[in-house]
Amino acid sequence: MEKLAIVIVTYKRQQLLDTLLDSLLYLQNAPWRVIVVDNENSAAAAEVVELYRRLVAEGLTAVPWPEGQDALVYVPMAENTGGAGGFAEGVRQAYRLGAEWFWLMDDDVAVMPNAIAKLSKWAGPFDVVQGSRLDYDGGPFYWQYRFIEPLGMYDPLAPAGFDGSGFKPTNAMCFEGALFDRHIVQKLGPPDARFFIYWDDCVYGYLASKVGASAVVEDVVLQRTRDIHHWEVGGVRQLNGSSNMTRRHVMRNRGHMAHYLRLQGDYNPLLFGLGTAACAAKEAIRLLAVDRGDLKEGATALFDGWREARRIMADSTWKPVTPDDL
């Protein structure tokens, strides 16, 4: 993969960012650029990035980085734009620099030393590659890789295993390790920053699957570095803890999702409504079984998000993100 740009979004988690950047030093294949988007715009995050710029410049990496110190690019944001806004800006910056491949990740993971080599073998057959991950405890991490388009929700029953081929088709992305090539960005533009958090990567992956070949692969390339309170549902599946802000965006952002489904001819009002009800039910279960939060506050967040989604869906001035936004 030529000109591979790693795009990282961070917010108030300098220790996690330090762990991730440290893991990059051990990569057995050098990245072309590492772009760190800081939604906090903090001196502490800038210092972490500058430390690793010096280490790269001094050659303290497993292999030399071709761009040396200039390979690390720090992008402070004027305001917190959420994960969606951070990845939108990071993809935009990488695209303008000339990146050919984009590897996106949150700040709470670490990369495996042979990750780029593992991903490279899939970069020919596929335009979008989602590598597998280990959970915080070192066990396998299950990702719902199938998006049920009419319902507008992940398929919770998508099989966890691989059939020997080492890959499975997917029509979604997770920005915790999604890899995609330049022509995807040329056709779609950057991710939609309006999502702020939640569904932004799923929808971008859904749109990418319309213009390119997408797969989730068995090769493990990342490990999560943050322990999240969760409920074991069965096997490798688990229901992670959340927050009322996230619950509101789970519901709110279905308004943006509906617009994109309409543009692709995949919107069915009845089935989408059923999907919305299923998402609300899942969040209610998460609230009670995992977070053990206040039911009234949680229900208010879900209802407020649902009302916002209705307003977004009814907005006749709504327009999609396009390549013109690069």
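Attention in this report is confined to the structure presented alongside it.

Assigned secondary structure in the chain consists of 10 helices and 14 strands. A globule of 326 residues ought to have a C-alpha radius of gyration of about 20 Å, and the chain, at 19 Å, matches this closely. Counting only residues that meet the buried cut, the chain has 53% of its 326 residues in that class. Sequence separation of at least 24 residues holds for 81% of the intrachain contacts in the chain that already meet a minimum separation of 6. For the chain, the exposed area adds up to about 13900 Å²; of that, 53% sits on carbon and sulfur atoms. Positive and negative side-chain charges of the chain, numbering 33 and 41 respectively, have mean locations separated by a distance of 6 Å.

On to the packing of aromatic side chains. In the structure shown here, the tally under the stated rule is 13 aromatic pairs. With centroids separated by 5.5 Å and ring planes inclined at 65°, the aromatic side chains of Phe147 and Tyr206 adopt a geometry described as edge-to-face. Linking Phe147 in strand S8 (residues 147-148) with Tyr206 in helix H6 (residues 200-211), this pair joins segments that are 59 residues apart in sequence. Each ring, one from Tyr198 and one from Trp199, has its centre 5.1 Å from the other, and the planes form 90°; the classification is edge-to-face. Take Tyr198: its relative accessible area is 25%, and that puts it in the partly exposed class. In textbook terms, an aromatic cluster arises when at least three aromatic residues are bridged by ring pairs, as seen for Phe87, Phe102, Phe175, Phe180 and Tyr204. Here the guanidinium or amino end of Lys168 rests over the ring plane of Phe162, the centre of that ring lying 4.3 Å away.

Moving on: helix H2 (residues 43-57). Since there are 3.6 residues in each turn of an α-helix, residues three or four apart along the chain are aligned in direction. Between the first and last C-alpha of H2 there are 21 Å, a value that for 15 residues agrees with the 21 Å anticipated at 1.5 Å per step. What H2 keeps buried is the set Ala45, Val48, Val49, Tyr52, Arg53, Leu55 and Val56. Buried residues of H2, seen end-on, are gathered within an arc of 165° and therefore sit on one face of the element. For H2, the exposed residues set more than 90 degrees away from the buried face come down to Ala43 and Glu47. Here the buried face of H2 lies against helix H1 (14-24), strand S2 (33-38) and strand S3 (72-76). After H2 finishes, the residue Gly59 shows a positive phi value of roughly 80°.

Now for the nonpolar core. If you look at the biggest cluster of nonpolar residues, it comprises 57 residues, and the most contacted ones within it are Phe102 and Phe180. Tallying contributions element by element places H6 first for this core, with 6 residues. When sequence neighbours within four positions are dropped, the list of residues in contact with Phe180 reads Val91, Glu100, Trp101, Phe102, Leu104, Asp127, Val128, Met173, Val185 and Tyr204.

Before going further, it helps to examine the pairing of S3. Regular strands place their side chains on alternate faces of the sheet. Alignment of S2 against S3, held across 5 bridges, turns out to be parallel. The residue bridging Val36 from the neighbouring strand is Tyr74, located in S3. Chirality of the crossover, the property in question, places the unit of S2, H2 and S3 among those that are right-handed.

With 12 residues, H6 extends 17 Å between its outermost C-alpha atoms, agreeing within 8% with the 16 Å of an ideal straight helix rising 1.5 Å per residue. Of all 12 residues in H6, 9 are buried, a share of seventy percent or more. Residues of H6 that are buried include every one of Asp200, Asp201, Cys202, Val203, Tyr204, Gly205, Tyr206, Leu207 and Ala208, and no others.

Attention shifts here to the pattern of salt bridges. The tally for this structure, following the rule as stated, stands at 17 salt bridges. Notably, a salt bridge pairs Glu89 with Arg92, separated by 2.6 Å at the nearest N-O pair. Here the residue Glu89 and the residue Arg92 both occupy positions in helix H3 (residues 82-97), the gap between them amounting to 3 residues, near one helical turn. The buried category is assigned to Glu89, whose relative accessible area is 16%. A single salt-bridge network, built from bridges that share partners, covers Arg13, Asp107, Asp108 and Arg226.

About the criteria used
Numbering of residues starts from 1 in each chain and follows the order in which that chain's sequence is written. Confidence filtering applies because this is a predicted model: local features only for residues at pLDDT of at least 70, side-chain atom pairs given and counted only at 80 or more, and all residues used for totals across whole chains, interfaces and linings. Side-chain descriptors were evaluated using all non-hydrogen atoms of the structure, hydrogens and water having been removed beforehand. Put simply, DSSP marks the helices as runs of H or I at least four residues long and the strands as runs of E at least two long, and each gets a number from the N terminus on. For this measure, only C-alpha atoms enter the radius of gyration; the expected value for a globule follows 2.2 Å times N^0.38, where N is the number of residues. Each residue's exposure class comes from its accessible area (1.4 Å probe, protein chains only) as a fraction of the maximum for that residue type: buried when under 20%, exposed when over 50%, partly exposed otherwise. The contact criterion used is simple: two residues touch if any of their non-hydrogen atoms lie within 4.5 Å. For every accessible area listed, the method is Shrake-Rupley and the probe measures 1.4 Å; residues are considered covered only by the protein chains on display. Only four residue types enter the tally: Lys and Arg on the positive side, Asp and Glu on the negative side; His and the chain ends are excluded. In this description, the location of a charge corresponds to atom NZ of lysine, CZ of arginine, CG of aspartate or CD of glutamate. For this analysis, a ring pair means two rings from Phe, Tyr or Trp (six-membered ring only for Trp) whose centres lie within 6.5 Å, classed as stacked if their planes differ by under 30 degrees, edge-to-face if by over 60, and tilted for the remaining angles. For a ring to carry a charge above it, either NZ of a lysine or CZ of an arginine must fall within 6 Å of the ring centroid while also lying within 35 degrees of the normal to the ring plane. An expected span of 1.5 Å times one less than the residue number is assigned to each helix. Regarding the arc, it is the one traced by the directions from the helix axis to the C-beta atoms. Throughout this description, the term nonpolar core refers to a set of buried Ala, Val, Leu, Ile, Met, Phe, Trp, Tyr and Cys residues connected via side-chain atoms within 4.5 Å. Paired strands, in this sense, are two strands between which DSSP finds at least two bridges. For a crossover, the right-handed case is the one in which the path from the first strand over the helix to the second runs clockwise, viewed with the strands pointing away from the viewer. Criterion for a salt bridge: a side-chain nitrogen of Lys or Arg within 4 Å of a carboxyl oxygen of Asp or Glu.

Everything listed here is a matter of coordinates, which is why it stays silent on function.
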